[in-house]
Amino acid sequence: MANQTTIVVATNNPGKLKEFKLLLPNFNIISQSSLGIVPEEELGETFFENSLKKARVANTASGKMSLGDDSGLIVPALNNLPGLRSARYAHESATDDENRQYLKNELEKLNLNQAKAYYVCVLVLVRDSADPFPLIATGIFEGSVKTTMRGENGFGYDPMFYPKDSNFSLGEMDKNEKALLSHRGKAIQILKNKIQKLSSE
């Protein structure tokens, strides 16, 4: 552990932090909250803007390499919502259960019991305060959301999200299986490849 590079992950979401630790085993992953860093309000109009801001805030406060993650669920039938407000869909301090119930209600208003959807994850890695070239990685995970919720694993909308060509929700998959398929898993793999390429140059 002493020889591992530390990355401060700009999230207070314990589910996300677990995924980063699982998917980035060669780094010492710590949360911004463990350093007392208070996140700023997300005011960006895109996932990229929010992710970059998160990374810069964490980097400025910690002086360490920092990783911003902004991700969300997009349902085209609901005008691309929850989108940027995925964690606050029902209201500003909504729980996962409240957000899922709100999404279920919005689908039912349209007489839908399922709809096409996809998860998006945008990662931005800021290496230092003078970094003119933050590393950016994007992952997309296609599937559908259903009003039928199954499984206790994962977090967020996972019990409602069914990957394309799968009969199982993310809530029914174990963490390793989900990590290989998910938007965050795909984005992290792209990020790792970029880090390795720079390290070998």
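Residues numbered from 1 in each chain as written. Predicted model: local features only at pLDDT ≥ 70, side-chain atom pairs only at ≥ 80, totals over all residues. Heavy atoms only, no water.

1. So, the pattern of salt bridges
When their charged atoms lie close together, side chains carrying opposite charge are able to pair. Quick note on the threshold: Between Lys or Arg on one side and Asp or Glu on the other, a salt bridge is scored when a side-chain nitrogen of the former is within 4 Å of a carboxyl oxygen of the latter. The helix count covers DSSP runs of H or I at least four residues long, the strand count covers runs of E at least two residues long, and both are numbered beginning at the N terminus. For each residue, the accessible area found with a 1.4 Å probe, counting protein chains only, is set against the maximum for its type, and the residue is called buried under 20%, exposed over 50%, and partly exposed in between.
For the structure on display, the rule yields 13 salt bridges. A salt bridge links Glu 19 to Arg 184; the shortest N-O distance between them is 2.8 Å. With Glu 19 in helix 1 (residues 14–23) and Arg 184 in helix 5 (residues 183–200), the pair connects residues that are 165 residues apart, well separated along the chain. Residue Lys 53 is joined to Glu 40 by a salt bridge in which the shortest nitrogen-to-oxygen separation is 3.5 Å. One end of the pair, Lys 53, is in helix 2 (residues 47–62); the other, Glu 40, is in the loop between strand 2 (27–31) and helix 2, and 13 residues separate them in sequence. Classification of Lys 53 by relative accessible area gives partly exposed; the value is 31%. By sharing partners, the salt bridges in this structure join Lys 16, Glu 19, Asp 69, Asp 158, Lys 178 and Arg 184 into a single network.

2. Points about the environment of Asp 97
As a reminder of what qualifies: The term polar contact refers here to a pair of N or O atoms within 3.5 Å; inside protein, the definition further demands a hydrogen-donor-capable atom paired with an acceptor-capable atom, and it admits residues adjacent in sequence only when both atoms are side-chain atoms.
On the secondary structure map, Asp 97 appears in helix 3 (residues 96–109). Residue class for Asp 97 comes out exposed when judged on its relative accessible area of 53%. Asp 97 sits 60 residues away from Tyr 157 along the chain, and the two C-alpha atoms are 8.5 Å apart. Here Arg 100 takes part through its side chain, which lies 2.3 Å from a polar atom of the side chain of Asp 97.

3. Things to note about unusual backbone geometry
The omega torsion of the bond from Leu 81 to Pro 82 falls at 0°, within 30 degrees of zero and hence cis. Note on placement: Pro 82 falls in strand 4 (residues 81–82). We note that Asn 79 has phi near 55°; this positive angle belongs to a residue other than glycine. When you line up the elements, Asn 79 lands in the loop between strand 3 (66–75) and strand 4. Overall, the relative accessible area of 69% leaves Asn 79 in the exposed class. The backbone of Asn 111 shows a phi angle near 60°, a positive value even though the residue is not glycine. Assignment of secondary structure puts Asn 111 in the loop between helix 3 and strand 5 (114–126). The class for Asn 111 is exposed, based on a relative accessible area of 72%.

4. Side note on the packing of aromatic side chains
This is how the line gets drawn: Pairing of aromatic rings covers Phe, Tyr and the six-membered ring of Trp, with a centre-to-centre limit of 6.5 Å; geometry is then stacked below 30 degrees between planes, edge-to-face above 60, and tilted otherwise. Whether a charge lies above a ring is judged from NZ of Lys or CZ of Arg, which has to be within 6 Å of the ring centre and within 35 degrees of the ring normal.
All told, the structure shown has 3 aromatic pairs when counted by the stated rule. Ring geometry for Tyr 119 against Phe 161: centres 4.6 Å apart, planes inclined by 50°, an arrangement best described as tilted. Highlighted residues: Tyr 119 in strand 5 and Phe 161 in strand 7 (residues 161–163), separated in sequence by 42 residues. Centre to centre, the rings of Phe 141 and Phe 161 are 5.3 Å apart; their planes meet at 50°, and the pair counts as tilted. Separated by 20 residues along the polypeptide, Phe 141 in strand 6 (residues 135–146) and Phe 161 in strand 7 bring together distant segments of the chain. In this pair, the class of Phe 141 matches that of Phe 161, namely buried. Every member of this aromatic cluster is reached through a ring pair, and the members are Tyr 119, Phe 141 and Phe 161. For Lys 146, the ring lying beneath its charged end belongs to Tyr 162, and the centroid distance is 4.4 Å.

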